[in-house]
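For reference, the chains in residue letters:
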Amino acid sequence: MTKQEPSDESVLIARIRNSRRPVVFLLGSALTQPEVGGARGVSNVETIAARLAETLGEDAGPNFAAAREREEHAEAYRLGFEELIRTHGQDAADAIVRKAVLDAYTTLGDEQRGRLLDPGDAHIDACSSLDDEGWYLRESVIALGQVLASDSKKFATVLTTNFDPLVEVAVARGGGVARRSVVRRDGNPGDHAGIGTHVVYLHGYWFGVDTLHTEVQTSESRPQLQSTLRRLIAKSTVVVLGYSGWRDVLMEAVAACAADANDRPDVLWGSRKEKDPRIEDVLRPAGTRAQFFEHVDMHSFLPSLRDALELDAADTGFGPAEKARREKWLEPPYDEALKPGRDLAGARLLMPRYGVVPMMGRDALLADFADWCMGGGLKIRSVSYTHLTLPTSDLVEI
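Residues numbered from 1 in each chain as written. Predicted model: local features only at pLDDT ≥ 70, side-chain atom pairs only at ≥ 80, totals over all residues. Heavy atoms only, no water.

**Q** How should the nonpolar core be read in this particular structure?
**A** The nonpolar side chains of a soluble globular protein tend to be buried with one another. Counting 65 residues, the largest nonpolar core has F25, W135, W206 and L241 as its most contacted members. Counting residues per element, this core draws most heavily on helix α5 (residues 90-102), at seven residues. Residues V200, C257, I279 and A290 belong to the second largest nonpolar core, which totals 28 residues. (Core = buried A, V, L, I, M, F, W, Y, C linked by side-chain atoms within 4.5 Å. Buried < 20%, exposed > 50% of the residue type's maximum accessible area, 1.4 Å probe, protein only. Helix = DSSP H or I, 4+ residues; strand = E, 2+ residues; numbered from the N terminus.)

Below is the structure:
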């Protein structure tokens, strides 16, 4: 019997497994969208375009209406946000994003939803205090979280043009730790120190900062960020899934890296259908350092990757490599752990009542203690080893 050629999906899995470089995932909006119409997930461009039309009303222009009529949903999305920002302002655009992201949350009452969608600053506290357990994760996102949590040294960075927090939630459910950088205009996410998976939001976040949608916004010059991304791409294996290659700072960094013979990128571009000739032209100067993988459905691929790495789908613990780095254990009470100068990097807190709690260090332990206090009804704004800060700004010694 003639041996069949391996599929692009299986070759991509092999490339990731065999890479000696840090693996960077570059993820687009398809990751967290609903599996089927009416299912939970972050709203897709078609649903968002419909909401844009509803919000715009008579302010909707003919080009936007024509794009919707042709069912060119991505174009309608872009044109709709251009018109919304021009006629209603950036706050209206950010509110559309919040509503889209909250479609992935499972239990919201009318009063709570009202606070989350408040057009003023009141929504920030409401959004930041949402219980992570309420987010719906489809199986592919769960699998991604388990892969990232299994080895935070190899899978150290996620770059995303998404606005939602579901990658961070997935890492936490997989037993890992995620840290967040939201790049506002230009900036250097490499300045963000810490351990765990670094999730970098390149087009904004679902609350608290502006979101980028229009070609003018995404193509704005961001030289510091481009330089940082280029250095990261040059030294990593970059796995692209669900990203269409906007005209943005990320594609500029990829193009610059591909064109410079002194850079040595390793770009693995996965496409749900055939490879895009436009992207192929951008990456052609990189030669064999850019490979395309066609007919890769990220929602079947990510569980397959998890299985190939021999991670148990039911296991929410750390993979072998991560466990080897996390053999330091702490037990209650908090008093010794909270003392200044304690080295808790890579430690986990063992609490009989709550199981194993991953910790990023002393600051994260303090934050966890503050969450515990607030969960118990104590009105505490911040916490340190020696003081609790109440909403009145009074200091209470502990």
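**Q** It is not clear to me how the side chain of T32 should be interpreted in this structure. Could you clarify?
**A** With respect to the element layout, T32 can be found in the loop between β1 (23-27) and α2 (45-56). Judged by relative accessible area, which is 4%, T32 ranks as buried. In this structure, T32 is in contact with G41, V42, V141, N162, D164 and L166, ignoring residues within four places of it in sequence. (Contact = heavy atoms within 4.5 Å.)

**Q** How do you make sense of helix α8 (residues 139-150) when you look at a structure like this?
**A** Structural remark: α-helix, 3.6 residues per turn; residues separated by three or four positions point the same way. In this model α8 runs 16 Å from its N-terminal to its C-terminal C-alpha over twelve residues, within 8% of the 16 Å that 1.5 Å per residue would give. With ten of twelve residues buried, α8 lies mostly within the body of the structure. (Expected span 1.5 Å × (residues − 1).)

**Q** Just checking my understanding: could you explain the packing of aromatic side chains for this structure?
**A** For the structure on display, the rule yields eight aromatic pairs. Aromatic side chains W206 and F207 sit 5.1 Å apart centroid to centroid with 90 degrees between the ring planes, which places their arrangement in the edge-to-face category. A relative accessible area of 2% places W206 in the buried class. By relative accessible area, which is 14% here, F207 ends up buried. In textbook terms, an aromatic cluster arises when at least three aromatic residues are bridged by ring pairs, as seen for Y105, W135, Y201, Y205, W206 and F207. (Phe/Tyr/Trp six-rings, centres within 6.5 Å; stacked < 30°, edge-to-face > 60°.)

**Q** What am I meant to see in the environment of Q112 here?
**A** Along the polypeptide, Q112 turns up in helix α6 (residues 110-116). With 14 residues separating them along the chain, Q112 and A126 place their C-alpha atoms 7.8 Å apart. With residues up to four places along the chain from it excluded, the contact list for Q112 reads T107 and L130.

**Q** Can you walk me through the sheet that holds strand β7 (residues 290-293) in this structure?
**A** Adjacent strands of a sheet pair through backbone hydrogen bonds, lying either parallel or antiparallel. With parallel pairing, seven strands are arranged side by side in an open sheet as β3-β4-β2-β1-β5-β6-β7. The open sheet is flanked by β3 (178-182) and β7, the only strands paired with a single partner. Strand-to-strand twist of the sheet, defined as the mean angle between neighbouring strand axes without regard to direction, takes the value 20 degrees. Taken together, the four bridges between strand β2 (residues 157-160) and strand β4 (residues 197-201) define a ladder with parallel strand orientation. Along β4, the bridge assignment pairs T157 with H198. Here helix α1 (residues 8-18) sits on the sheet in contact with β1, β5 (237-241), β6 (266-270) and β7, set at roughly 140 degrees to β7. (Pairing = 2+ DSSP bridges. Axes fitted to C-alpha atoms, helices over the stretch in contact; angles between N-to-C directions.)

**Q** Would you explain empty space enclosed by the protein in this entry?
**A** One simple way to see leftover space: roll a probe sized like a water molecule over the atoms. In total, this model carries one cavity of 30 Å³ or more according to the counting rule given. What the largest cavity holds in volume is close to 40 Å³. T32, Q33, P34, R40, G41, A104, Y136, L137, R138, V141 and L166 are the residues that line the largest cavity. In terms of residue class, the lining of the largest cavity is made up of six nonpolar, three polar and two charged. (1 Å grid on protein atoms, 1.4 Å probe; cavity = no way out; pocket = protein on both sides within 12 Å on 5 of 7 lines; lining within 4 Å. Points joined across faces, edges and corners; volume = space filled by probe spheres on them. Nonpolar A, V, L, I, M, F, W, Y, C, P; charged D, E, K, R; others polar.)

**Q** Whenever I open this one, the confidence of the model for the protein confuses me. Can you help?
**A** Interpreting fine coordinate detail is not advised for predicted regions of low pLDDT. The pLDDT averaged across the protein works out to 78; a share of 73% of its residues lies at or above 70. Contacts of residues 315-340 to residues separated by more than four positions or lying in other chains number 68 contacts, the stretch itself having pLDDT below 50. Predicted confidence for residues 342-360 stays below pLDDT 50, and this span has 64 contacts to residues more than four positions away or in other chains. (pLDDT = per-residue confidence, 0-100.)

**Q** Would you explain the packing of helix α4 (residues 73-88) against α5 in this entry?
**A** The relative placement of two packed helices is expressed as an angle between their axes plus a distance between the axes. Two elements in contact, α4 and α5, have axes separated by 7 Å at closest approach and are oriented at 135 degrees. By the angle between their axes, α4 is oblique relative to α5. When α4 is examined against α5, the residues F81, L84, I85 and H88 are found in contact with a partner set consisting of Q90, A92, A93, I96 and V97. The residue inventory of the contact of α4 with α5, partitioned by class, reads seven nonpolar, two polar and no charged. (Parallel < 35°, antiparallel > 145°, perpendicular 65-115°, else oblique.)

**Q** Explain the side chain of T161 to me, please; I cannot follow it from the model alone.
**A** Mapped onto the fold, T161 is located in the loop between β2 and α9 (166-173). T161 has contacts with L27, G28, H203, Y243 and D248, leaving out every residue within four places of it along the chain.

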